[in-house]
Amino acid sequence: MKIAAIEAIPYSIPYRHPLHFASGSVHEADHVLVRVHTDDGVVGTADTPPRPYTYGETQKSIVAVVQDVFAPQLVGIDVFDREKIQAVLARTIHNQTAKGAVDIAVWDVIGKTLGQPVTKLLGGYTDSLRVSHMLGFKPAQELLALALEFRETYGINTFKLKTGRRPLNLDIEAARVLRDGLGEDAELYMDANRGWTANEAAEVLRRTADLGLQFLEEPDDAREVLGRRRLVTNSPIPIAADESAANLGEAAREILTGGANLLSVKTARSGFTEAAKIVGMAEGMGIDVYIGNQIDTQVGTVASVVFGAAFAHTAKRAAELSNYLDMTDDLLARPLAITGGRIRVPEGAGAGTDVDDDKLAHYRTD
Ligand code: MUC
Ligand code: MG
């Protein structure tokens with residue numbers, strides 16, 4: 001059961017509702033589909049979202065690193081020798097989402113080979129996750145209308161508000177309108193994508209103290225260590241690391257240096273193998289985690305569901321799983337459904353990431 005070939009297929013699907021946030025914006029899903037083939041004909045699949053403003057990767061760089069760097073070193077390795085595969089990937093620094101996709105595609109192969117759902121191989125804790133929806137920059141009343149629509153249509157009552165704008169009042173007002181319009185029971189939190197300084201973030205926390213926000217994600221640049229540490233120490237709500245904790249080492253560093261006291265875990269950038277290590281580390285240190293969104297397609301989202309439902313620690317909080325709804329179409333062969341505010345783990349062997357070949361033929365750009 002050896003890796004025989006790895007494909008990296010660029011494709012593009014337009015967005016119906018582009019997403020704007022402090023570090024960038026997304027208008028099309030210009031992603032890369034990764035497929036791992038074995039010598040006995042099993043195929044594993046995963047999706048890769050290029051996020052240059054977060055990890056420095058582009059669609060072209062992902063195709064190149066998978067085809068030219070990873071594939072030649074991985075061909076011939078047994079898919080069950082997962083640590084060997086990790087060691088090969090680790091020889092190349094950065095390229096987080098390219099590595100994540102290769103890992104997930106390998107897990108898909110393992111699940112199919114064993115005839116088991118990957119979620120069970122990882123932990124098999126539960127069969128569904130509660131969904132949190134991410135709201136991009138928009139006027140406050142439009143945000144509220146959208147959130148009410150999502151609650152009505154899908155039963156979602158947890159919302160992440162993209163923030164990090166200036167003047168600060170834009171985001172403070174948006175949070176207030178959401179809280180007033182959605183009521184006390186809605187779960188609300190903010191993600192500034194490093195848009196503010198530590199002092200600006202502290203001011204936002206002071207001025208939103210009565211809104212019952214759950215936590216604040218990536219308020220400022222975590223590399224400005226002392227400002228971030230002061231913020232975490234003084235904040236009444238947890239400060240979450242997302243892009244500052246893109247891998248196991250960074251996650252450990254941010255927790256140990258007081259840069260964060262909550263972690264966003266994203267399978268798109270950590271795969272299942274490294275994400276599981278991050279979750280175990282966090283659990284051992286008494287740090288909560290939640291499943292984040294890399295602005296994923298359904299192919300990426302199903303991987304998050306499979307992983308998040310596998311562990312008690314990841315299944316506790318609502319997971320960011322619904323932004324594929326902003327896209328005009330998707331590749332996933334068995335579409336996801338959100339009902340009662342939850343997404344169920346797909347049944348069957350593998351990671352549930354199989355794509356519709358006709359759609360791939362239509363949207364691929366190579
Ligand atoms: C998020 O949580 O930050 C925006 C940029 C990125 O890398 O991920 C998204 C969502
Ligand atoms: Mg974030």
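By convention here, each chain's residues receive numbers from 1 onward along its written sequence. Labels follow written order: the first chain is A, the first ligand is 1, and so on. The predicted origin of the model limits local features to residues at a pLDDT of at least 70 and limits the giving and counting of side-chain atom pairs to 80 or more, whereas totals for whole chains, interfaces and linings rest on all residues. The side-chain values count all of the structure's non-hydrogen atoms but skip hydrogen atoms and water molecules.

Q: Please give an account of the overall build of the protein that cites residues and values.
A: Labels follow the DSSP assignment, with helices taken as runs of H or I lasting at least four residues and strands as runs of E lasting at least two, numbered in each case from the N terminus. The helix and strand inventory of the protein stands at 14 helices and 15 strands. Taken over C-alpha atoms, the radius of gyration is set against a globule rule of 2.2 Å times the number of residues to the power 0.38. By the compact-globule yardstick of 21 Å for 366 residues, the protein fits well, its C-alpha radius of gyration being 20 Å. Each principal axis of the C-alpha atoms in the protein carries an extent, and together these give about 60 × 40 × 35 Å. Only protein chains enter the calculation, and the probe is 1.4 Å; a residue is then buried if its accessible area is under 20% of its type maximum, exposed if over 50%, and partly exposed in between. Per-residue burial over the protein gives 59% buried out of 366 residues. Note on contacts: a residue pair is in contact if any heavy atoms of the two residues lie within 4.5 Å. Put simply, of all contacts in the protein between residues at least 6 apart along the chain, 73% involve residues at least 24 apart. Areas reported here follow the Shrake-Rupley algorithm with a probe of radius 1.4 Å; residue values treat only the protein chains shown as occluding. Total accessible area on the protein is roughly 13900 Å²; 50% of this is exposed by carbon and sulfur atoms.

Q: Account for the nonpolar core, naming residues and giving values.
A: With 117 residues, the main nonpolar core has Val66, Leu74, Leu263 and Phe272 as its most contacted residues. Tallying contributions element by element places helix 4 (residues 96-114) first for this core, with nine residues. Split by domain, this core shows at least three residues from each of two domains, domain 1 (3-115) and domain 2 (120-344). Phenylalanine 272 has contacts with Asp103, Ile104, Trp107, Val118, Leu122, Thr267, Ala303, Val306, Phe307 and Ala351, leaving out every residue within four places of it along the chain. Put simply, a nonpolar core is a bunch of buried Ala, Val, Leu, Ile, Met, Phe, Trp, Tyr and Cys residues held in one set by side-chain atoms that sit within 4.5 Å of each other. Note: domain ranges come from an automatic or database domain assignment.

Q: Talk me through the UniProt feature "domain: Mandelate racemase/muconate lactonizing enzyme C-terminal" (unreviewed entry) in the protein; I want residue IDs and the actual numbers.
A: UniProt positions are given in the numbering used here, feature names are shortened, and annotations may be inferred rather than shown by experiment. UniProt's entry tags residues 140-238 with the feature "domain: Mandelate racemase/muconate lactonizing enzyme C-terminal" (unreviewed entry), counted in the numbering of this structure. Summarising residues 140-238: 49% helix, 12% strand, and an end-to-end C-alpha distance of 24 Å.

Q: An account of the sheet that holds strand 1 (residues 3-10) is needed here, citing residue identities and associated values.
A: Note on pairing: two strands pair once DSSP finds at least 2 bridges between them. Read from one edge of the open sheet, three strands run 1-4-5, paired in antiparallel fashion. Whereas interior strands pair on both sides, the edge strands pair on one side only; in this sheet they are strand 1 and strand 5 (43-48). The sheet shows a mean angle of 15° between the axes of neighbouring strands, direction not considered. Where strand 4 (residues 32-38) meets strand 5, six bridges bridge the pair, whose relative direction is antiparallel. Directly across from leucine 33, in strand 5, lies its bridge partner aspartate 47. Under this scheme, a helix contributes an axis fitted over its contacting stretch, all axes are lines through C-alpha atoms, and angles between N-to-C directions fall in the 0 to 180 degree range. On the sheet, helix 2 (residues 59-74) packs against strand 1, strand 4 and strand 5 and is oriented at approximately 175° with respect to strand 1.

Q: I'd like to hear about helix 12 (residues 298-308), residue by residue, with values.
A: For helix 12, the tally of buried residues reaches 11 of 11 residues, placing the bulk of the element in the interior. Among the residues of helix 12, Gln298, Val299, Gly300, Thr301, Val302, Ala303, Ser304, Val305, Val306, Phe307 and Gly308 are the ones counted as buried. As used in this structure description, the phrase polar contact means that two N or O atoms lie within 3.5 Å; if the pair is within protein, one of them must be able to donate a hydrogen and the other to accept it, and residues adjacent in sequence are counted only when both atoms belong to side chains. The N-cap of helix 12, judged by a side-chain oxygen 3.2 Å from the amide nitrogen of valine 299 a few residues on, is threonine 297.

Q: Tell me about the domain arrangement of the protein, and name the residues and values.
A: For the protein, the assigned domains read domain 1 (3-115) and domain 2 (120-344). Using only C-alpha atoms to locate each centre, domain 1 and domain 2 end up separated by 23 Å. Taken residue by residue, the interface counts 35 residues in domain 1 and 40 residues in domain 2. Summed over both partners, the accessible area lost on bringing two parts together, with a 1.4 Å probe, is the buried area. Where domain 1 abuts domain 2, roughly 3000 Å² becomes buried across the two surfaces, and 63% of that area is made up of carbon and sulfur atoms. When residues of domain 1 are sorted by the area they lose upon contact with domain 2, Leu19, Gln96 and Trp107 head the list and together hold 18% of the total.

Q: Could you give an account of the pattern of salt bridges, with specific residues and numbers?
A: Each reported salt bridge corresponds to a side-chain nitrogen of Lys or Arg within 4 Å of a carboxyl oxygen of Asp or Glu. As enumerated under the stated definition, the model contains 25 salt bridges in all. The closest approach of N and O atoms between aspartate 366 and arginine 364, which form a salt bridge, is 2.8 Å. Overall, arginine 364 belongs to the partly exposed group, its relative accessible area being 31%. Residues joined in a network through salt bridges with shared partners are Lys160, Lys162, Asp191, Glu217 and Glu320.

Q: Which residues make up the site of ligand 1, and what are the values?
A: Residues are classed as near a molecule or strand on a simple rule: at least one heavy atom within 4 Å of it. If you check the shell around ligand 1, you find 13 residues, and the closest are Thr54, Lys160, Lys162, Asn193 and Gln294. Lysine 160 is positioned such that a nitrogen or oxygen atom in its side chain is 2.7 Å from an oxygen atom of ligand 1. Contact between ligand 1 and asparagine 193: an oxygen atom at 2.9 Å from a side-chain N or O atom of the residue. Protein coverage of the free-state accessible area of ligand 1, which is 280 Å², stands at 100%. Here the residues of the shell around ligand 1 sort into three nonpolar, four polar and six charged. Here the term charged refers only to Asp, Glu, Lys and Arg, the term nonpolar to Ala, Val, Leu, Ile, Met, Phe, Trp, Tyr, Cys and Pro, and the term polar to all other amino acids, Gly among them.

Q: Go over the coordination of the magnesium ion (ligand 2) with me, naming the residues and quoting the values.
A: Ligating atoms shown are N, O and S within 2.8 Å of the metal, or 3.2 Å for Na, K and Ca, and water is not included, meaning a site may look less than complete. Here the magnesium ion (ligand 2) is held by Asp191 (OD), Glu217 (OE) and Asp242 (OD), and the distances to it run 1.9 to 2.2 Å. In terms of primary sequence, the donors binding the magnesium ion (ligand 2) are separated according to D-x25-E-x24-D. In this pair, aspartate 191 is assigned in strand 8 (residues 187-191) and aspartate 242 in the loop between strand 10 (239-241) and helix 10 (248-256), connecting sequence segments 51 residues apart. Like aspartate 191, the residue aspartate 242 is buried in the burial classification.

Q: I'd like to hear about the packing of helix 8 (residues 198-207) against helix 9 (residues 225-234), residue by residue, with values.
A: The N-to-C vectors of helix 8 and helix 9 enclose an angle of 15°; their axes lie 9 Å apart at closest approach. Classified by the interaxial angle, the pair formed by helix 8 and helix 9 is roughly parallel. Relative to helix 9, helix 8 is oriented so that their crossing is right-handed. Contact residues: helix 8 offers Ala198, Asn199, Ala201, Ala202 and Leu205, while helix 9 offers Gly227, Arg228, Arg230 and Leu231. Put simply, angles under 35 degrees are roughly parallel, angles over 145 are roughly antiparallel, angles from 65 to 115 are roughly perpendicular, and the rest are oblique. Note on convention: near helix rotated counterclockwise from far helix by under a right angle means a left-handed crossing. Clockwise means right-handed.

Q: Requested: an account of the environment of glutamate 184, with residues and values cited.
A: Residue position: glutamate 184 is located in the loop between helix 7 (169-182) and strand 8. Sequence separation between glutamate 184 and phenylalanine 150 is 34 residues, and the spatial gap between their C-alpha atoms is 17 Å.

Q: I'd like to hear about the environment of arginine 253, residue by residue, with values.
A: With respect to the helices and strands, arginine 253 occurs in helix 10. In this structure arginine 253 comes out as partly exposed when scored by relative accessible area, which is 42%. For the pair arginine 253 and leucine 226, spaced 27 residues apart in sequence, the C-alpha separation works out to 14 Å.

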